[in-house]
Amino acid sequence: MSTTAFDQRAAAATATDDAAVSSPRLHARARARKRLGPGRPIPYGWTLGPLLLLALWAAGSGAGLIDARSLPAPWTIAGTAGDLIADGRLQSNFATSAQRALLGLVFGTAAGLLLAIVSGLSRLGEGIVDGPVQIKRAIPSLALIPLLVLWFGIGETMKVITIALGVFVPIYIHTHNGLRTIDNRYSELAETVRLSRIQFVRHVVLPGALPGFLLGLRFAVTAAWLALVVVEQVNATSGIGYMMELARTYGQTDVIIVGLVVYGLLGLVSDALVRLVERRALAWRRTLAG
């Protein structure tokens, strides 16, 4: 047997022995990494917190620890919701609220995304756009309601604009941040392969800003529902907020709680939908989210 062949066999045997020794170590390290992380995703884990709150509420009401005049029991709220559904009040007001929130979300998202792209891709655009947006960020949208009422009246236009103003700021902030954190080497590569401006935006900018945009969308959805709660109590004649304000006039605590539960469920479900889209769209990322 030649020296070369012998050396090759010896090296192969040594590599096999090293692999056998290091394999348990690798498995141990992998298990340690799993223990340090949050673990595997729990199916429908986002419902655990709300269900726990509901259980505590029911237990407190059943034990008499919660005054029914201040906070009716869950079964009382369920009965009231059934009555509101039976006479069609809940569905009608829900449809009106959902339409307002959706319109405000669409217009606010479009405005925030457009301004973020203009500001993120141009120093001149950033100089013109970013300052006013930061000023708006420091002024709560709800503080603008008196001025918006004077400008647009108390109709649907004012309500949709108020919601859109609350939506576009988180969309802008997070999308702009996502744009500015794109690796500069991608821009240099795009110049090397001579991509046009539109192609650069399509193939580099939008995919790179997608994580930031989706994070901003989660905040924007919450902002839309928060703004909706307020604008529907400003001389509205329909909507969940109007139903709650009318119930306050007549001292109907159970109806008010029904409205709050509807708002809470809308926020929870809409956030879960955005998170689902985020997981699907960013499935290529290896993160602690799993």
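Everything quoted here is computed from the prediction, not taken from an experiment.

Peer 1: Talk me through the pattern of salt bridges; I want residue IDs and the actual numbers.
Peer 2: Under the definition given, this model contains eight salt bridges. The closest approach of N and O atoms between Glu126 and Arg123, which form a salt bridge, is 3.4 Å. Taken together, the positions of Glu126 and Arg123, both in helix H5 (residues 123-138) and three residues apart, correspond to about one turn of that helix. Accessibility expressed as a relative area gives 65% for Arg123, which makes it exposed.

Peer 1: Can you lay out helix H3 (residues 74-86) for me, pointing to particular residues and giving the numbers?
Peer 2: The first and last C-alpha atoms of H3 sit 18 Å apart over 13 residues, in line with the 18 Å expected at 1.5 Å per residue. Residues of H3 that are buried make contact with helix H2 (48-62), helix H4 (89-121), helix H10 (240-249) and helix H11 (253-281). Gly88, located one to two residues past H3, shows a positive phi value of around 85°.

Peer 1: Could you give an account of the environment of Val201, naming the residues involved and the relevant values?
Peer 2: Mapped onto the elements, Val201 comes out in helix H9 (residues 197-231). Once the C-alpha coordinates of Val201 and Ile117 are considered, the two residues, 84 residues apart in sequence, prove to be 8.8 Å apart. Excluding its chain neighbours within four sequence positions, the residues that come into contact with Val201 are Leu121, Leu206 and Pro207.

Peer 1: Lay out the side chain of His176 in plain terms, naming residues and giving numbers.
Peer 2: Residue position: His176 is located in helix H7 (residues 156-180). In terms of polar contacts, His176 uses its side chain to reach the side chain of Ser119, at 3.3 Å.

Peer 1: Can you break down a nonpolar patch on the surface residue by residue, with the values?
Peer 2: A surface patch of nonpolar side chains, about 510 Å² in accessible area, is lined by Tyr44, Trp46, Val269, Leu273 and Leu276. Residue classification places Trp46 among the partly exposed positions, given a relative accessible area of 36%.

Peer 1: An account of the packing of aromatic side chains is needed here, citing residue identities and associated values.
Peer 2: Scanning the entire structure with this criterion turns up one aromatic pair. On the numbers, 6.4 Å between centres and 85° between planes, the contact of Trp151 with Phe152 is edge-to-face.

Peer 1: Any details on unusual backbone geometry? Residues and values, ideally.
Peer 2: Not every positive phi belongs to a glycine, and Arg194 is a case in point at roughly 60°. Along the chain, Arg194 falls in the loop between helix H8 (184-192) and H9.

Calculation criteria
Residues numbered from 1 in each chain as written. Predicted model: local features only at pLDDT ≥ 70, side-chain atom pairs only at ≥ 80, totals over all residues. Heavy atoms only, no water. Salt bridge = Lys/Arg side-chain N within 4 Å of Asp/Glu carboxyl O. Helix = DSSP H or I, 4+ residues; strand = E, 2+ residues; numbered from the N terminus. Buried < 20%, exposed > 50% of the residue type's maximum accessible area, 1.4 Å probe, protein only. Expected span 1.5 Å × (residues − 1). Contact = heavy atoms within 4.5 Å. Polar contact = N/O pair within 3.5 Å; in protein donor to acceptor, adjacent residues only side chain to side chain. Patch = residues over 30% accessible without salt bridge, like charges linked within 9 Å, V, L, I, M, F, W, Y side chains within 5 Å. Areas by Shrake-Rupley, 256 points an atom, 1.4 Å probe, with all protein chains shown as cover. Phe/Tyr/Trp six-rings, centres within 6.5 Å; stacked < 30°, edge-to-face > 60°.

Honestly, that's just the spatial picture; any functional story needs more than this.
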